[in-house]
Amino acid sequence: MFRLFRSAAFRLTLLYMVTFGASVTALLIFVYTAIISDMEAELKHSISVQTSDLARKFSVSGPAETAASIKNMLEKDEEKTLVLMLIDRDWHVLAGNLELWPGGKTNVSTWIKFPIGKIENTQLTPKAIAMNSTLPGGYILLVGRKMQQIEHVHEIIVEVLYICFGIMFVLAAVGGMLLSYTIYRRIDAINQAFRSVAAGALTTRVKVTGTGDEFDHLAMHLNQTLNRICELIDGVRDISYNVAHDLRTPLNRLRHRLENMLSTGAHREEITEQVRTALIDIDALVATFNAILRIAQAEAGAGIEQFSAFNISEVLEDIVDLYQPVAEERSQQLNANIIEDIMLYGDRHLITQMTANLLDNAIKYTPKGGNIALTLVLGDASYAILQILDNGPGIPVSFHHKVVEKFFRLEQSRSSPGNGLGLSLVSAAVKLHKGVLTFSDNNPGLVVTIRLPRVIGNTDIARSQK
């Protein structure tokens, strides 16, 4: 509970309560002021009309008739709300219902408010509002009304203000506490999940309630991040295992050759041959580590700032020319269908290496006399489609998602040279270029399809893909 009071959610809720309370209070005060002001304005208008009538009566009939009219008005005032008084130049009261003159002698009409006794059975001392005006000959006329109706309304409004403010405060406090507790509970669930992950429980995930609110979106994004972290950790673990497993054999073989040279006293020709073989093994190891490094750089997005527009049609034509003699040596038919002048925005060298890996695999695993095809066509308005087809053994559909993993090799491929990193590099290169890599069956053989965003007119469209 104390942690709840110290939470940011509680502080925000408290700020909301204060702001909401101040807003409602200001609104109620405005309503109160408007009502009271309107009632006072109406009362003043009535007093002004009555003052004008008595002043006109005084001008026409004189002070005696005016005093008689005042007495008559007071007798007819059943509600006892009138306040009337007429005095002469010597301050003698000619008519009225006040014992003392509440205002001062003045030559202009002025408004005054003054207390006027107590209301029966109450402790209230009501006020009266009156117009104090000077008549010809030094006479002074006071015309007013008691404000007990306004004060009654004032009491009701003040009472309503207190009640509304109390209800508002209770509702705001309860609602604020519920809101604060809800937010705190959702955030605490996220914190607990991350504490579990930090403690080593990498499979822990933030619960998604299904409400579709911003906390659910946050939970889904956090879970996606945790899934990606687990994938990366598993990838590092698998790489470490595969590096240790796959590189141990060539290293042991290299060590064995060196031991044989030292222990058997081999001739110079034998030593030269062993060294040559050892260099081949070392080159293979270096190539493996270079491939791992290049894949890691591609997955991390390294070099993306060096992207530039290039003609992939020319790149593919050069690759086909390079591999044509290799295919002919194996009595294979390598056909190319490349639309000219398709521009890409990316890493020319990485796209070249990616395509070379795919074409090398196709030639390697297609039997002698087989057919291989490379095509580059336009897809929709912003994509180019690169396909490499062969009629070799292909890849079972159940392994299509596995072959892009580092060091993964099918059983029939383990006897052939390679390190299982070729398709991993292809996958990393396609992702780096915001493309899509898919495998399908060629019946027999394999179809590798790559969709890559292309440049239309200028490089701006391709840059927007980044």
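The structure this text deals with has already been given above.
Since this is a predicted model, take the numbers as computed values, not measurements. (Residues numbered from 1 in each chain as written. Predicted model: local features only at pLDDT ≥ 70, side-chain atom pairs only at ≥ 80, totals over all residues. Heavy atoms only, no water.)

### Structural notes on the sheet that holds strand β10 (residues 383-390)
Next up, step 1: Spatial strand order, β7-β9-β10-β12-β11: five strands in an open sheet with mixed pairing. Each of the sheet's edge strands pairs with one partner strand only, and the pair in question is β7 (333-338) and β11 (436-441). Here the strands of the sheet are splayed against their neighbours by 10° on average, with no regard to which way each runs.
Next up, step 2: Bridging between strand β9 (residues 371-378) and β10 involves seven bridges; their strand directions are antiparallel. Residue pairing across strands places I372 opposite D390, the latter belonging to β10.
Next up, step 3: Where helix α7 (residues 312-329) meets the sheet, it contacts β7, β9, β10 and β12 (446-453), and its direction lies at approximately 170° from that of β7. (Pairing = 2+ DSSP bridges. Helix = DSSP H or I, 4+ residues; strand = E, 2+ residues; numbered from the N terminus. Axes fitted to C-alpha atoms, helices over the stretch in contact; angles between N-to-C directions. Contact = heavy atoms within 4.5 Å.)

### Comments concerning the nonpolar core
One broad trend across soluble globular proteins is that nonpolar side chains are buried collectively.
Next up, step 1: Judged by nonpolar contacts, the single largest core of 49 residues is most densely connected at I312 and I450.
Next up, step 2: It is helix α8 (residues 348-365) that provides the largest number of residues to this core, a total of eight residues.
Next up, step 3: Residue-level mapping places this core at the junction of two domains, with at least three residues from each of domain 3 (248-299) and domain 4 (304-465).
Next up, step 4: Dropping the residues within four chain positions of it, I312 is found in contact with I342, L344, I351, L376 and L452.
Next up, step 5: The next biggest cluster of nonpolar side chains, apart from the first, holds 24 residues, and it includes A67, I70, L84 and A95. (Core = buried A, V, L, I, M, F, W, Y, C linked by side-chain atoms within 4.5 Å. Buried < 20%, exposed > 50% of the residue type's maximum accessible area, 1.4 Å probe, protein only. Domains from an automatic or database assignment.)

### Observations concerning the sheet that holds strand β1 (residues 82-87)
Next up, step 1: If you trace the five strands from one edge of the open sheet to the other, you get β2-β1-β5-β4-β3, paired in antiparallel fashion. Either end of the sheet is taken by a strand with one partner, and the two such strands are β2 (93-96) and β3 (110-115). On average, each strand axis in the sheet is tilted by 20° relative to the strand beside it, whichever way the strands run.
Next up, step 2: Bridging between strand β4 (residues 127-134) and strand β5 (residues 140-146) involves seven bridges; their strand directions are antiparallel. Pairing of A128 across the sheet is with K146, part of β5.
Next up, step 3: Sitting on the sheet, helix α3 (residues 63-76) is in contact with β1, β2 and β5, with an inclination near 160° to β1.

### Thoughts on the pairing of β5
Next up, step 1: Across the seven residues that make up β5, a large majority, six, are buried.
Next up, step 2: Linking β4 back to β5 in an antiparallel pair, the connection comprises five residues, with G137 at a positive phi of about 85°.

### Considerations on the side chain of N223
Next up, step 1: Checked against the element boundaries, N223 lands in helix α5 (residues 214-264).
Next up, step 2: The exposure class of N223 is buried, given its relative accessible area of 12%.
Next up, step 3: Setting aside residues no more than four positions away along its own chain, N223 makes contact with R205, V206 and V208.

### Focus: α3
Next up, step 1: Here α3 contains 14 residues, and its C-alpha end-to-end distance of 20 Å stays within 8% of the 20 Å for a straight helix at 1.5 Å per residue.
Next up, step 2: Taken as a whole, α3 has its buried residues at T66, A67, S69, I70, M73 and L74. In a view along the axis of α3, the buried residues occupy a sector of 160°, so they form one face of it. Projecting away from the buried face of α3 at angles above 90 degrees are the exposed residues A64, E75 and K76. (Expected span 1.5 Å × (residues − 1). Arc of directions from axis to C-beta.)

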